[in-house]
Amino acid sequence: MLAGIGLGRWLARAVAGHEAGLQAAAADGALWTLRFTSVPEPQDTAAYIDAALRGRAEGHRFAFAVIEQASGEVIGCTSYHDIVPAIDRLEIGWTWYARRVQRSAVNTTCKLLLMQHAFDTLGAKLVGWRTDNFNHASQRAIERLGARRDGVLRHHALRRDGTVRDTVMYSLAAGEWPEVRAHLEWQLARPR
């Protein structure tokens, strides 16, 4: 698919070779302690990367390490997943960032990059997102991107603690992309 995509200060590269950086990013905020995320515990980072690479080999996931270009520091992870080439559909998820960069332009920038590539290069007809029903911050972030809430899949997936979550589903269709792109570019360019 691709080795890396970049825009502005951040770069997304394949996760292989970024174990230490992903461990450090996850440790910034002890993100694995949040019951509704996919963030690996430090000792499980290698297994997390291996699972992502298996998903890539099987054709259903492509994970990226998110890197701050100026420092070269890994600040998080995101993925294309549930890739269905037959209907030109994929989802963006498994996203998490070091606490210090949360609520910054990182998520908007990364999602803009991923959507640009999905719609403009890969020819996606639809990009989807999903999140835990209790991950309200993620729901707000997805909605700020311009995605539409499609609904809730009840009793849908296991959490790491063994409980079963409801999953909130979102999507953006190719026809909606030009307006969403313009809005995200405006958000990133406007004075702060």
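Sequence order as written defines residue numbering, which begins from 1 separately in each chain. In keeping with the predicted nature of the model, local features appear solely for residues at pLDDT of at least 70, side-chain atom pairs appear and are counted solely at 80 or more, and the whole-chain, interface and lining totals rest on all residues. For the side-chain quantities, the full set of heavy atoms in the structure was used; hydrogens and water were omitted.

## A word on the side chain of asparagine 107
The test is simple: Here a helix means four or more residues in a row that DSSP labels H or I, a strand means two or more in a row labelled E, and each is numbered from the N terminus. Relative accessibility decides the category of a residue: with a 1.4 Å probe and only protein chains considered, values under 20% of the type maximum give buried, values over 50% give exposed, and everything between is partly exposed. Nitrogen and oxygen atoms within 3.5 Å of one another constitute a polar contact, given that in protein one can donate a hydrogen and the other can accept it, and given that sequence-neighbouring residues count only through two side-chain atoms. Whether two residues are in contact is decided by their heavy atoms: any pair within 4.5 Å suffices.
With respect to the helices and strands, asparagine 107 occurs in helix 3 (residues 106-121). Its relative accessible area of 17% is what places asparagine 107 among the buried residues. At a separation of 3.1 Å, a polar atom in the side chain of asparagine 107 contacts the side chain of tyrosine 97. With sequence-adjacent residues up to four places away left out, asparagine 107 is seen in contact with Thr95, Tyr97, Ala141 and Leu145.

## Section: helix 1 (residues 19-27)
Worth spelling out the cut-off: To be clear, the arc concerns the directions from the helix axis to the C-beta atoms.
Among the residues of helix 1, those classed as buried are Gly21, Leu22, Ala25 and Ala26. Along the axis of helix 1, the buried residues cluster in a sector spanning 135°; they form a single face. Lining the buried residues of helix 1 we find helix 2 (45-58), strand 4 (73-84) and strand 5 (89-97). Just downstream of helix 1, glycine 29 is the residue with a positive phi angle, here 110°.

## Some details on unusual backbone geometry
The phi torsion at alanine 30 lies on the positive side, around 45°, for a residue other than glycine. Position of alanine 30 among the secondary structure elements: in the loop between helix 1 and helix 2. Backbone geometry at tryptophan 94 places phi at a positive 50°, although glycine is not the residue there. Its place among the elements puts tryptophan 94 in strand 5. In this structure tryptophan 94 comes out as partly exposed when scored by relative accessible area, which is 38%.

## Brief notes about the pattern of salt bridges
Here is the rule: Between Lys or Arg on one side and Asp or Glu on the other, a salt bridge is scored when a side-chain nitrogen of the former is within 4 Å of a carboxyl oxygen of the latter.
Following the criterion strictly, the structure yields 9 salt bridges and no others. For arginine 35, the salt bridge is made with aspartate 161, and the minimal N-O distance between the two is 3.2 Å. Of this pair, arginine 35 sits in the loop between helix 1 and helix 2 while aspartate 161 sits in the loop between strand 7 (148-158) and strand 8 (164-173); the two residues are 126 residues apart in sequence, bridging distant segments of the chain. For arginine 35, a relative accessible area of 34% translates into the label partly exposed. Among the ionic pairs, glutamate 73 bridges to arginine 100, the shortest N-O distance being 2.8 Å. With glutamate 73 in strand 4 and arginine 100 in the loop between strand 5 and helix 3, this residue pair connects regions lying 27 residues apart in the sequence.

## Some words on the pairing of strand 5
Rules: A pair of strands counts as paired when DSSP detects no fewer than two bridges linking them. The path from the first strand over the helix to the second decides the hand: if it runs clockwise while the strands point away from the viewer, the crossover is right-handed.
As defined by bridge partners, strand 4 adjoins strand 5 across 6 bridges and the pair is classed as antiparallel. Note that in strand 5 the partner of valine 84 across the bridge is arginine 89. Between strand 4 and strand 5, which pair antiparallel and follow one another directly, the connecting turn spans 4 residues, one of which, aspartate 88, has a positive phi of 55°. Where strand 5 lies against strand 6 (residues 126-132), 3 bridges are found, and the strand directions are parallel. Of the residues in strand 6, the one forming a bridge with glutamate 91 is glycine 128. Between the parallel pair strand 5 and strand 6, the chain is carried across by helix 3, and the sense of this crossover is right-handed.

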